[in-house]
Amino acid sequence: MSTILVLISSALGEASVSNQLVHDAVAQLRLQDPALQVIAHDLGSSPIPHLNFDSATAIRGAEPANAEQAAARALSDELIDELRAADTIVIGAPMYNFGMASTLKAWFDHVLRAGVTFSYSEAGPEACSPANAQSSS
Ligand SMILES: Cc1cc2nc3c(=O)[nH]c(=O)nc-3n(C[C@H](O)[C@H](O)[C@H](O)COP(=O)(O)O)c2cc1C
């Protein structure tokens, strides 16, 4: 049994092309593995908050100094746990104004944590394996 993390991020709901492509991909994966576990986020209809002072501070490693920072850290921890639990990640990434949807970027902003999910090296940023990462929580 495998687990997939599914992220869709279109603003266009039922009219979305990328959402449909992702649904089709997930249906194919289910055919291959009927016991597939699916963790899914519709970031278009249920957006993760964009970074602000409190969330950026908490996600960058400072001890949470207030309830907003604690909530932001908890959300980041939860999203990283989902990422680590997944064997496969399926991402629907529509292009809006020459870049990814800001709702999808907000997800990346919450899971990219130096020392936890990536580290800096002479060769540039590298993914941290869970074994050598600092605890996310
Ligand atoms: C607000 C907006 C901005 C867009 N900007 C671009 C763009 O910069 N480049 C491009 O090739 N297509 C652009 N498109 C077209 C979308 O990539 C296309 O409609 C795609 O199907 C969007 O994915 P979705 O249907 O899953 O939302 C834009 C569409 C919208 C609604």
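What counts, and where the lines are drawn
Residues numbered from 1 in each chain as written. Predicted model: local features only at pLDDT ≥ 70, side-chain atom pairs only at ≥ 80, totals over all residues. Heavy atoms only, no water. Helix = DSSP H or I, 4+ residues; strand = E, 2+ residues; numbered from the N terminus. Buried < 20%, exposed > 50% of the residue type's maximum accessible area, 1.4 Å probe, protein only. Contact = heavy atoms within 4.5 Å. UniProt positions renumbered as here; feature names shortened; annotations may be inferred. Lys, Arg positive; Asp, Glu negative; His and termini not counted. Salt bridge = Lys/Arg side-chain N within 4 Å of Asp/Glu carboxyl O. Polar contact = N/O pair within 3.5 Å; in protein donor to acceptor, adjacent residues only side chain to side chain. 1 Å grid on protein atoms, 1.4 Å probe; cavity = no way out; pocket = protein on both sides within 12 Å on 5 of 7 lines; lining within 4 Å. Points joined across faces, edges and corners; volume = space filled by probe spheres on them. Nonpolar A, V, L, I, M, F, W, Y, C, P; charged D, E, K, R; others polar.

Thoughts on the overall build of the protein
Part 1 of the argument: Helix and strand counts for the protein come out as 4 helices and 7 strands.
Part 2 of the argument: Along the chain direction, N to C, the helices and strands of the protein fall in the order β-α-β-α-α-β-β-β-α-β-β.
Part 3 of the argument: Once the C-alpha set of the protein is aligned to its principal axes, its extents read approximately 45 × 35 × 35 Å.
Part 4 of the argument: For the protein, with 137 residues in total, the buried portion stands at 36%.
Part 5 of the argument: Expressed as a percentage of contacts within the protein between residues at least 6 apart in sequence, the contacts between residues at least 24 apart total 65%.

Quick notes on the UniProt feature "domain: Flavodoxin-like fold" (unreviewed entry) in the protein
Part 1 of the argument: Under the local residue numbering, the UniProt record ascribes the feature "domain: Flavodoxin-like fold" (unreviewed entry) to residues 3–125.
Part 2 of the argument: Its end C-alpha atoms 26 Å apart, residues 3–125 is made of 42% helix and 21% strand.

Points about the environment of alanine 72
Part 1 of the argument: Tracing the chain through its elements places alanine 72 in helix α3 (residues 67–85).
Part 2 of the argument: In this structure, the C-alpha to C-alpha distance between alanine 72 and alanine 56, residues 16 residues apart in sequence, is 8.4 Å.
Part 3 of the argument: Ignoring anything within four residues of it in the chain, the contact list for alanine 72 reads Ser55, Ala58, Ile59 and His110.

Overview of the side chain of arginine 73
Part 1 of the argument: Within the fold, arginine 73 resides in helix α3.
Part 2 of the argument: Although arginine 73 lies buried, it forms no salt bridge, and the closest oppositely charged side chain, glutamate 63, sits 4.4 Å away as judged by the N-O distance.
Part 3 of the argument: There is a polar contact of 2.9 Å between the side chain of arginine 73 and the backbone oxygen of alanine 58.
Part 4 of the argument: At 3.5 Å, the side chain of arginine 73 and the backbone oxygen of glycine 61 are in polar contact.

Things to note about the layout of surface pockets
Part 1 of the argument: For the largest pocket, the calculated volume is near 310 Å³.
Part 2 of the argument: Lining the largest pocket are 17 residues, and of these Ile59, Arg60, Leu112, Arg113 and Ala114 sit closest to its centre.
Part 3 of the argument: Contributions of two or more residues to the lining of the largest pocket are made by α2 (53–59), α4 (102–111) and β6 (118–121).
Part 4 of the argument: Ranked by residue count, the leading element in the lining of the largest pocket is α4, at 3 residues.
Part 5 of the argument: Classifying every residue of the lining of the largest pocket by side-chain character gives 9 nonpolar, 3 polar and 5 charged.
Part 6 of the argument: Surrounding the second largest pocket, Leu83, Arg84, Ile89, Trp107, Phe108, Val111, Leu112, Thr117, Phe118, Ala127, Cys128 and Pro130 form its lining.
Part 7 of the argument: At the level of elements, α3 and α4 are the ones that each hand at least two residues to the lining of the second largest pocket.
Part 8 of the argument: For the lining of the second largest pocket, the element with the highest residue contribution is α4, accounting for 3 residues.
Part 9 of the argument: Its residues placed into classes, the lining of the second largest pocket shows 10 nonpolar, 1 polar and 1 charged.

A few points about the pattern of salt bridges
When the charged atoms of two side chains with opposite charge come close together, those side chains can pair.
Part 1 of the argument: Tallied over the full model, the rule gives 2 salt bridges.
Part 2 of the argument: The closest approach of N and O atoms between arginine 113 and aspartate 77, which form a salt bridge, is 2.8 Å. Highlighted residues: arginine 113 in the loop between α4 and β6 and aspartate 77 in helix α3, separated in sequence by 36 residues.
Part 3 of the argument: On the basis of relative accessible area, arginine 113 is assigned to the buried category, the value being 4%.
Part 4 of the argument: Aspartate 109 is the partner of lysine 105 in a salt bridge, and the nearest nitrogen-oxygen pair spans 2.7 Å. Taken together, the residues span about one helical turn, with lysine 105 and aspartate 109 both in helix α4 at a distance of 4 residues.

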